[in-house]
Amino acid sequence: MSHPSARNGGVWRRLKGRVAHRYRMLPLRSRLALLTAVAVALAVAASAAACWVVTRDRLTEQLDDALARQSVPASIVNALGDKCTGSLPGNVWLAVPTDYTIQIVTPDGNVCTSWSKSAIPAQKSDVDVARGLSDQSIHTTRTDDGTEMRVLTRPYGGPLTDRFGPQVAISVATPMDPVTGPLNQLALILLIVTGVGVLGAATAGLWVARTGLKPVDRLTEAVEHVARTEDLTIRIPAEGEDEIARLSRSFNSMTAALASSRDLQQQLIADAGHELRTPLTSLRTNIDLLVRSEQSGRQLPAEDKQALLTSVKAQMGELAALIGDLQELSRTPDAAPGGGASVPVAALHDIVDSALRRARLRGPSLDITAEVDPWYVRGEPAALERAVVNLLDNAVKFSAADGAVEVALHKGELRVRDHGPGIPEEELPHVFERFWRSPSARSLPGSGLGLSIVARTAYQAGGTVELRAAPGGGTEAVLSLPGAGTPPPDLPGI
């Protein structure tokens with residue numbers, strides 16, 4: 001059987017869970033208004049409580065001062081002693097005027113109260129005064145008829161000690177009405193002020209929440225509009241430097257980036273479709289000729305048939321290269337620009353040596369010279385090799401049959417210089433665009449994506465790439481990648 005405290009704890013936790021759940025389900029403006037009202041309520045309640053306590057203490061202090069200043073004449077004390085011992089007629093006592101309740105407290109706790117006044121039970125502090133253990137006692141208590149009284153008790157060493165013993169105390173008491181009356185009125189006023197303050201705070205909080213959240217409402221409407229219509233041209237006015245303005249500017253930047261990305265994607269699809277159409281058309285034409293020759297029974301000459309097959313093979317290779325380039329451009333980068341600890345370290349000089357071997361096979365008649373210094377970079381080795389191969393392929397493709405290509409790698413800067421026709425100055429800004437090809441080079445094989453891949457790889461590795469006219473003719477490509485001439489100490493196998 002579970003303990004009652006455990007059951008109560010479970011009920012309390014469930015209650016808190018329900019309250020928290022309902023709070024989370026409220027709209028944001030309602031939560032702000034509620035929090036404002038609660039905060040103001042707590043502040044006003046604390047202020048009201050402090051005001052009430054200070055007023056109570058001040059009024060009680062004034063009442064205590066009045067009691068302390070009150071002196072009891074010896075005639076009244078003696079008359080009270082005679083009354084309590086039965087030696088004074090009642091009509092004589094009535095002739096003794098006093099507005100306070102006066103009573104004698106004996107060491108054994110008995111009290112003798114003035115005529116027509118309700119007796120006040122003696123407290124321990126009163127008895128201690130009567131016994132000489134304390135100099136004074138002041139406290140609040142109730143009479144036998146329930147009246148709340150403020151009582152001041154002090155020792156008395158007059159002739160009464162002959163009647164009540166060696167020690168006795170005199171208590172002077174007065175009703176607490178001068179304190180409780182104003183306090184009750186003050187409490188009522190503070191309660192009304194608190195209620196009005198909380199109601200006003202809730203109203204003001206709701207108004208402030210609605211006003212302050214208008215930019216958020218506009219942002220929400222804009223997001224819903226984008227989700228519903230896919231319209232990325234929408235912009236939100238951003239004024240000021242507050243958080244809402246920053247959020248609006250961030251949203252505008254995001255939609256602008258998305259619109260630019262979608263435009264680039266659509267352009268890429270259109271360009272890819274255009275580039276694919278040419279080899280596909282040529283393939284279809286060549287294959288149609290071969291099929292028609294077989295169906296008609298008129299065999300093509302062996303030389304023509306071989307030329308068609310060679311053309312088909314070349315076009316298939318061109319398609320494969322184009323699709324590979326598109327896949328490379330669409331691949332999500334594994335690291336942010338500049339690389340990081342999770343990106344592998346690649347030996348760029350080994351990559352350049354491997355690319356040089358491939359370039360010499362593609363241009364056996366070219367004089368390709370190289371000066372390669374050790375250099376280590378952070379990047380994907382396959383992507384780096386493809387970029388270097390693309391640079392060398394360009395140099396081989398635009399060089400004369402007996403031309404020369406100079407390659408140099410020094411302190412992270414790879415230079416590939418050819419002695420071909422060069423690139424006109426006005427075309428240099430477009431060489432890294434996707435599918436862009438110089439009008440003078442459109443008859444040569446290629447997809448127009450090679451330099452785009454080089455630029456993308458350089459950006460991912462935190463480097464740069466540039467094409468410029470070389471002194472004396474030709475073109476010089478400069479690929480700069482950050483790194484070091486020695487491998488990091490944690491690189492195995494190097």
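Residues numbered from 1 in each chain as written. Predicted model: local features only at pLDDT ≥ 70, side-chain atom pairs only at ≥ 80, totals over all residues. Heavy atoms only, no water.

### Observations concerning the nonpolar core
Link 1 in the chain: One finds V352, L392, V407, L414 and V416 to be the most contacted residues of the largest nonpolar core, which totals 35 residues.
Link 2 in the chain: Mapped onto this core, the elements with two or more residues apiece are α11 (348–362), α12 (381–397), β9 (404–410), β10 (413–418), α13 (450–460), β11 (464–469) and β12 (475–480).
Link 3 in the chain: Per element, the largest residue contribution to this core is eight residues, and it comes from α12.
Link 4 in the chain: Beyond its immediate chain neighbours, meaning those up to four positions away, V416 contacts L391, L392, A395, V405, E406, V407, T475, E476 and A477.
Link 5 in the chain: Within the second largest apolar cluster, eight residues are counted, among which are I76, V77, I102 and C112. (Core = buried A, V, L, I, M, F, W, Y, C linked by side-chain atoms within 4.5 Å. Buried < 20%, exposed > 50% of the residue type's maximum accessible area, 1.4 Å probe, protein only. Helix = DSSP H or I, 4+ residues; strand = E, 2+ residues; numbered from the N terminus. Contact = heavy atoms within 4.5 Å.)

### A look at the pattern of salt bridges
As a working rule, side chains carrying opposite charge can pair if their charged atoms are close by.
Link 1 in the chain: One pass over the structure, following the stated rule, counts ten salt bridges.
Link 2 in the chain: Its salt-bridge partner being D393, residue R362 comes within 2.2 Å of it at the nearest N-O pair. Highlighted residues: R362 in helix α11 and D393 in helix α12, separated in sequence by 31 residues.
Link 3 in the chain: Two residues, E476 and R468, come together in a salt bridge whose shortest N-O distance is 3.2 Å.
Link 4 in the chain: Residues joined in a network through salt bridges with shared partners are E413, R415, E466, R468 and E476. (Salt bridge = Lys/Arg side-chain N within 4 Å of Asp/Glu carboxyl O.)

### Overview of the pairing of β12
Link 1 in the chain: The buried fraction of β12 is high, at five of six residues.
Link 2 in the chain: Pairing analysis gives five bridges linking β10 to β12, with the strands arranged antiparallel. Bridge pairing links E413 to S480 in β12.
Link 3 in the chain: In the sheet, β11 pairs with β12 via six bridges, with the strands oriented antiparallel. The residue of β12 that forms the bridge with R468 is E476.
Link 4 in the chain: Between the end of β11 and the start of β12, which pair antiparallel, lie five residues, with G472 showing a positive phi angle near 85°. (Pairing = 2+ DSSP bridges.)

### Considerations on the sheet that holds strand β3 (residues 137–142)
Link 1 in the chain: Spatially, five strands are ordered β2-β1-β5-β4-β3 in an open sheet, and the strand pairing comes out antiparallel. Both outer strands of the open sheet, β2 (111–113) and β3, are each paired with one neighbouring strand and no more. On average, each strand axis in the sheet is inclined to that of its neighbour by 30°, with strand direction left out of account. (Axes fitted to C-alpha atoms, helices over the stretch in contact; angles between N-to-C directions.)

### Topic: the packing of α11 against α12
Link 1 in the chain: At a minimum axis separation of 9 Å, α11 and α12 run at an interaxial angle of 35°. Classified by chirality, the crossing of α12 by α11 is right-handed. Counted together, I351, V352, S354, A355, L356, R358, A359 and R362 of α11 and P381, L384, E385, V388, V389, L392, D393 and V396 of α12 form the full contact between these two elements.
Link 2 in the chain: Here the contact of α11 with α12 is composed, by residue class, of eleven nonpolar, one polar and four charged. (Left-handed = near helix turned anticlockwise from the far one by under 90°. Nonpolar A, V, L, I, M, F, W, Y, C, P; charged D, E, K, R; others polar.)

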